[in-house]
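Remarks on the overall topology
Now for the letters of each chain:
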Amino acid sequence: MSRYLSARYQSLVPYVPGEQPKLTGETIKLNTNESPFPPSEKAKAYAAEASKKLERYCDTQCNALREKMAELYGVDKDEVIFTNGSDEVLSLCFMAFCDSDKTPVFPDITYGFYKVFADVYCLPYTEIPLTDDFRVDHKEYYHSGKTIFIANPNAPTGISLSKEEIRGIIENNPDDIVVIDEAYVDFGRQSVVPLIHEYDNLIVTGTFSKSRSMAGARLGFGFASKALITDLNTVRNSLNPYNVNTMTQAAGLGALCDEEYTRRNCEIIKENRAYLTDELRKLGFTVLPSDANFVFASHPNIGGKALYEYLKSRQIFIRHFETARLKDYNRITIGTREQLDKLIETIKEFPEA
Ligand SMILES: *Cc1c(COP(=O)(O)O)cnc(C)c1O
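Residues numbered from 1 in each chain as written. Predicted model: local features only at pLDDT ≥ 70, side-chain atom pairs only at ≥ 80, totals over all residues. Heavy atoms only, no water.

**Comments concerning unusual backbone geometry**
Rule in force here: Think of it this way: any DSSP run of H or I at least four residues long counts as a helix, any run of E at least two long counts as a strand, and we number them from the N terminus. Only protein chains enter the calculation, and the probe is 1.4 Å; a residue is then buried if its accessible area is under 20% of its type maximum, exposed if over 50%, and partly exposed in between.
Of note, the amide linkage connecting Asn152 to Pro153 takes the cis form, showing an omega dihedral of -5°. Inspection of the secondary structure assignment puts Pro153 in the loop between strand E5 (147-151) and helix H5 (163-171). Here the bond from Ala155 into Pro156 is cis, since omega is 0°, no more than 30 degrees from zero. In this structure, Arg218 is a non-glycine residue whose phi angle is positive, near 60°. Tracing the backbone shows Arg218 in the loop between strand E7 (202-207) and strand E8 (220-223). In this structure, Gln315 is a non-glycine residue whose phi angle is positive, near 70°. In this structure, Gln315 sits in the loop between helix H9 (304-313) and strand E11 (316-317). For Gln315, a relative accessible area of 31% corresponds to the partly exposed category.

Encoded structure:
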């Protein structure tokens, strides 16, 4: 730290992304919930074409993307915002809808970035513990008086709330914003996007990083009433109106013109998730019921960290968290069937298993 860093950031602990190891032919990367499949051919072709026009600024409104998205999701194009990954739309929500008397609240075990956004914006926050079986107890969020952030399905557990439970949270906080982070919704849950037409306090966020195989392109989005989207755009245009670059806008449009490809990949991920869950359970693992593209698993005789380190030594990367309630577990991204077979085979060779 230099002696010039603003006092308000001197104790800031940044978000720690999963490792991005140098990939060799041997590496199996199951640690950051990316897709094992390449982006759609259309996404690649549109991005390549767009790369020829980089001398021009990008469209600050993402018009083509918003039109296509609105058509696909049954909303108006003014009910959508695009951002540089969904991390950016979440960040805009913290900026636009939280302050010292409207502080953020989220589960104690959830996407690690929520806490970091609260810290960077100097907002005190409240964490509501998950139940003993790692569920979000939706009633605990009723009458909160706070801005609510819930990942659904949650991470790193993979467990989700039903649409009716989310409706309960929204209806019991009529004067507060409820942000539902649907980063993983395409892997098995029904989206609550249609509810933006029933409730003016709901924001639903999503990303192209997982189901649409575009983590490196950085494309996220938010759905909400026109008024809320206007607020988010006020903040966005005050920070970086050119937040989604030309190639990413084009790639996103290509992906949206190939939704069948995304849907097929999600089906394969769901089959592979069921397969991995079965295989891990056969080996004695406890595996939480996941609606996401990862599973969260622990073993009675193999420490979470020991398994993580052993697999890493064998070029297989999974995600380990050191906190008290999570340290016995690991989060494993659903890869291809071949990758999962290699993973299972390697776990069977764990020295003390
Ligand atoms: C991956 C993830 C995101 C953010 O993804 P981006 O790559 O920034 O779009 C947001 N929320 C959750 C819960 C995630 O797991």
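**Re the pairing of strand E12 (residues 329-333)**
Every regular strand shows the same layout, with side chains that alternate between the two sheet faces. Rules: Paired strands, as defined in this entry, are two strands with at least two bridges between them according to DSSP.
Buried residues dominate E12, accounting for five of its five residues. Of the two faces of E12, the one holding Tyr329, Arg331 and Thr333 and the one holding Asn330 and Ile332 are both buried throughout. Here strand E10 (residues 294-298) pairs with E12 via five bridges, running antiparallel. From the neighbouring strand, Phe294 faces E12, where its bridge partner is Thr333.

**Digging into the nonpolar core**
Operational definition: Residue types Ala, Val, Leu, Ile, Met, Phe, Trp, Tyr and Cys, when buried and joined through side-chain atoms within 4.5 Å, form a set referred to as a nonpolar core. Here, residues are in contact when the closest pair of their heavy atoms is within 4.5 Å.
By size, the foremost hydrophobic cluster in this structure holds 46 residues, and its most contacted members are Phe82, Phe208 and Phe223. Here Phe82 is in contact with Cys62, Leu65, Arg66, Met69, Phe208, Leu219, Gly220, Phe221, Arg236, Asn243 and Val244, once residues within four sequence places are set aside. One finds Ala155, Tyr184, Ile318 and Ile347 within the second-largest nonpolar core, a separate group that totals 32 residues.

**Here we look at the site of the ligand**
Basically, it comes down to this: Think of it this way: one heavy atom of a residue within 4 Å of a molecule or strand is enough to make that residue near it. Any pair of nitrogen or oxygen atoms within 3.5 Å is treated as a polar contact; in protein, a donor-acceptor pairing is required on top of that, and neighbouring residues in sequence qualify only through side-chain atoms on both sides. Using a 1.4 Å probe, the Shrake-Rupley method yields the accessible areas, and only the shown protein chains count as cover for residues. Cavity: a set of points on a 1 Å grid over the protein atoms alone where a 1.4 Å probe fits but cannot get out. Pocket: an open set with protein on both sides within 12 Å along at least five of seven lines, its lining residues, like those of a cavity, having an atom within 4 Å of a point. Think of it this way: a molecule belongs to a cavity or pocket when more than half its atoms come within 2 Å of the grid points there.
Around the ligand, the structure places Gly85, Ser86, Asp87, Tyr111, Asp181, Ala183, Tyr184, Thr207, Ser209, Lys210 and Arg218. For the ligand, an oxygen atom lies 2.6 Å from a polar atom in the backbone of Ser86. In this structure, Lys210 approaches the ligand through a side-chain N or O atom, which is 2.9 Å from an oxygen atom. For the ligand, whose free accessible area comes to 390 Å², the fraction covered by protein is 93%. In a pocket analysis with a 2 Å cut-off to the grid points, the ligand is assigned to the largest pocket.

**Comments concerning the sheet that holds E7**
Here is the rule: In this analysis, axes come from line fits to C-alpha atoms, helices being fitted only over the stretch in contact, and the angle between any two N-to-C directions falls in the range 0 to 180 degrees.
Taking strand neighbours across the sheet as the criterion, the seven strands line up as E2-E8-E7-E6-E5-E3-E4 in an open arrangement whose pairing is mixed. In this open sheet, the two strands that pair with only one neighbour each are strand E2 (80-83) and strand E4 (126-128). Along the sheet, successive strands turn relative to each other by an average axial angle of 20°, direction set aside. In terms of strand pairing, strand E3 (residues 104-107) meets E5 through two bridges, oriented parallel.

**Considering the layout of surface pockets**
A water-sized probe rolled over the atoms picks out the places where empty space is left. Heads up, the condition is: Grid points are joined across faces, edges and corners, and a volume is the space filled by probe spheres set on the points. Three categories are distinguished: nonpolar for Ala, Val, Leu, Ile, Met, Phe, Trp, Tyr, Cys and Pro, charged for Asp, Glu, Lys and Arg, and polar for the others, with Gly belonging to the last.
Taken as a whole, the largest pocket holds about 1,400 Å³ of empty space. Around the largest pocket sit 49 residues that line it, and Tyr15, Val16, Gly112, Arg319 and Phe321 are the ones nearest its centre. Contributions of two or more residues to the lining of the largest pocket are made by helix H3 (85-97), E3 and helix H4 (113-120). In the lining of the largest pocket, the residues fall into 22 nonpolar, 13 polar and 14 charged. Of the voids in this model, the second largest pocket is the one considered here, and its volume is about 330 Å³. What lines the second largest pocket is a set of 20 residues, and nearest its centre among them are Leu23, Lys29, Glu34, Ser35 and Pro36. Among the residues making up the lining of the second largest pocket, the classes are represented as eight nonpolar, 10 polar and two charged.

**Notes on the packing of H9 against helix H10 (residues 337-348)**
To keep things clear, this is the line we draw: Any angle that is under 35 degrees is reported as roughly parallel, and any over 145 degrees as roughly antiparallel; angles of 65 to 115 degrees are reported as roughly perpendicular and all others as oblique. Should the near helix be turned anticlockwise from the far one by less than a right angle, the crossing is termed left-handed; should it be turned clockwise, right-handed.
At a minimum axis separation of 11 Å, H9 and H10 run at an interaxial angle of 115°. The orientation of H9 with respect to H10, classified from their angle, is roughly perpendicular. Seen from above, H9 lies across H10 with right-handed handedness. Judged by residue contacts, Leu307, Tyr310 and Leu311 of H9 engage Leu343, Thr346 and Ile347 from H10. Of the residues that constitute the contact of H9 with H10, the class distribution is five nonpolar, one polar and no charged.

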